[in-house]
Amino acid sequence: QQPVQSPQAVILREGEDAVINCSSSKALYSVHWYRQKHGEAPVFLMILLKGGEQKGHDKISASFNEKKQQSSLYLTASQLSYSGTYFCGTWNNDMRFGAGTRLTVKP
Amino acid sequence: DGGITQSPKYLFRKEGQNVTLSCEQNLNHDAMYWYRQDPGQGLRLIYYSQIVNDFQKGDIAEGYSVSREKKESFPLTVTSAQKNPTAFYLCASSQGHYSNQPQHFGDGTRLSIL
């Protein structure tokens, strides 16, 4: 079963923050986050494993609450290059991707 | 440079025709995957393979077939039984079929009906 992402779309001005949520009805071993630019391949951002860890990459970080089967991606001080569609992938014996959140950052 | 190569970039299928999408990787990865992406939607798993000569169906395997005769190659055939094949097809690979392994994607093949 595919995870549910919210919001479906968000528009930001440069420098603003955003949060993208991902939730699953199944117990999860890990959550993966990817970003896809229009017409291109998804690019891996980070993996969060069981243990409630939080990871960061530059100004993009994420958390994983395994008890709630939820993960959130935090984009801080957004840049134009952050625009794209963000997908979470949840792992329970194999990967299932959410429908994506389209993020647009405007100058 | 290591990576995943998908070909062709664009493909057109006639009614009743089978077409094969190529996926080759030189990352020495054991696991390979095929996803279908429809406009505005997420990726749906078609098939995956954990090792050579082994593969499993994903959520939407009907109308598709795969083979894994070599570690580096995982071609996908879209058969005439797939009535709505127009989509963006993505191939991915990972070091192993494990929860802690990221997937690396090719640039995709866009398939359309003539």
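Details of the structure are given in the entry above.
Everything numeric in this text was worked out from a predicted model, so none of it was measured.

1. Section: the nonpolar core
Okay, so step 1: Counting residues in each nonpolar core, the largest one holds 21 residues, and the members touching the most others are Trp33, Met46, Leu73, Leu75, Tyr82, Tyr86 and Leu103 of chain A.
Okay, so step 2: Elements with a contribution of two residues or more to this core: strand 2 (9-13), strand 3 (18-23), strand 4 (30-36), strand 5 (43-49), strand 7 (60-65), strand 8 (70-75), strand 9 (84-91) and strand 11 (101-106) of chain A.
Okay, so step 3: Ignoring any residue separated from it by four or fewer positions in sequence, one finds Leu73 of chain A in contact with Ala18, Val19, Ile20, Trp33, Leu45, Met46, Ile60, Ser61, Ala62 and Tyr86 of chain A.
Okay, so step 4: In terms of nonpolar packing, the next biggest core, distinct from the first, is built from 20 residues, Leu11, Tyr64, Phe74 and Val78 of chain B among them.

2. Quick word on the sheet that holds strand 7 (residues 64-66) of chain B
Residue and element names in this part refer to chain B.
Okay, so step 1: Spatially, the four strands line up as an open sheet ordered 1-3-8-7, and their pairing is antiparallel. The sheet terminates laterally at strand 1 (4-7) and strand 7, the two strands that pair on one side only. Pairwise comparison of adjacent strand axes, ignoring direction, gives a mean angle of 20 degrees for this sheet.
Okay, so step 2: Strand direction decides the pairing type here: strand 3 (residues 19-25) and strand 8 (residues 76-78), joined by three bridges, are antiparallel. Within the sheet, the bridge partner assigned to Thr20 lies in strand 8 and is Thr77.

3. Observations concerning the interface of chain A and chain B
Okay, so step 1: Across the boundary between the two partners, chain A contributes 22 residues, which contact 24 residues of chain B.
Okay, so step 2: Buried area between chain A and chain B, both sides added, is near 1700 Å², and the carbon and sulfur share of it is 59%.
Okay, so step 3: Between Asp59 of chain B and Arg96 of chain A there is a salt bridge, and its shortest N-O distance comes to 2.7 Å.
Okay, so step 4: Summed over the shared surface of chain A and chain B, the result is six residue pairs in polar contact (both at pLDDT 80 or more).
Okay, so step 5: For the side of chain A that touches chain B, the secondary structure elements donating two or more residues are strand 4, strand 5, strand 9 and strand 10 (95-97) of chain A.

4. Re the state of the cysteines
Defined simply, a disulfide is a covalent bond joining two cysteines at their sulfur atoms.
Okay, so step 1: Evaluated as defined, the whole model comprises two disulfides over all chains.
Okay, so step 2: Linked covalently through their sulfurs, Cys22 of chain A and Cys88 of chain A form a disulfide whose S-S length is 2.0 Å. Given an S-S torsion of about 75 degrees, the disulfide between Cys22 of chain A and Cys88 of chain A has right-handed geometry. Here the residue Cys22 of chain A occupies a position in strand 3, and Cys88 of chain A occupies one in strand 9, the gap between them amounting to 66 residues.
Okay, so step 3: Overall, the relative accessible area of 3% leaves Cys22 of chain A in the buried class.
Okay, so step 4: Across the disulfide from Cys23 of chain B sits Cys91 of chain B; the S-S distance is 1.9 Å. Its S-S torsion of approximately -70 degrees makes the covalent link between Cys23 of chain B and Cys91 of chain B left-handed. On the criterion of sequence distance, the pair formed by Cys23 of chain B in strand 3 and Cys91 of chain B in strand 9 (residues 87-94) is long-range, its members being 68 residues apart. Like Cys91 of chain B, Cys23 of chain B is buried.

5. Here we look at the packing of aromatic side chains
Okay, so step 1: Applying the stated rule across the entire model yields 10 aromatic pairs over all chains.
Okay, so step 2: On the basis of an interplanar angle of 80 degrees and a centroid distance of 5.3 Å, the ring pair of Phe97 of chain A and Tyr35 of chain B is categorised as edge-to-face. Of this pair, Phe97 of chain A sits in strand 10 while Tyr35 of chain B is found in strand 4 (residues 31-37), placing the two residues in two different chains.
Okay, so step 3: According to the relative accessible area criterion, Tyr35 of chain B is buried, its value standing at 1%.
Okay, so step 4: By way of ring pairs, the aromatic residues Tyr34, Phe44 and Phe97 of chain A together with Tyr33, Tyr35, Tyr48 and Phe105 of chain B are connected into one cluster.
Okay, so step 5: We note Arg68 of chain B situated over the ring of Phe74 of chain B; from NZ or CZ to the ring centre the distance is 6.0 Å.
Okay, so step 6: In this arrangement the basic side chain of Arg110 of chain B is found over the ring face of Phe88 of chain B, its NZ or CZ atom lying 4.4 Å from the centre.

Calculation rules
- Residues numbered from 1 in each chain as written.
- Chains lettered and ligands numbered in written order.
- Predicted model: local features only at pLDDT ≥ 70, side-chain atom pairs only at ≥ 80, totals over all residues.
- Heavy atoms only, no water.
- Core = buried A, V, L, I, M, F, W, Y, C linked by side-chain atoms within 4.5 Å.
- Buried < 20%, exposed > 50% of the residue type's maximum accessible area, 1.4 Å probe, protein only.
- Helix = DSSP H or I, 4+ residues; strand = E, 2+ residues; numbered from the N terminus.
- Contact = heavy atoms within 4.5 Å.
- Pairing = 2+ DSSP bridges.
- Axes fitted to C-alpha atoms, helices over the stretch in contact; angles between N-to-C directions.
- Buried area = accessible area lost by both parts, 1.4 Å probe.
- Salt bridge = Lys/Arg side-chain N within 4 Å of Asp/Glu carboxyl O.
- Polar contact = N/O pair within 3.5 Å; in protein donor to acceptor, adjacent residues only side chain to side chain.
- Disulfide = S-S within 2.5 Å.
- Phe/Tyr/Trp six-rings, centres within 6.5 Å; stacked < 30°, edge-to-face > 60°.
- Lys NZ or Arg CZ within 6 Å of the ring centre and 35° of its normal.

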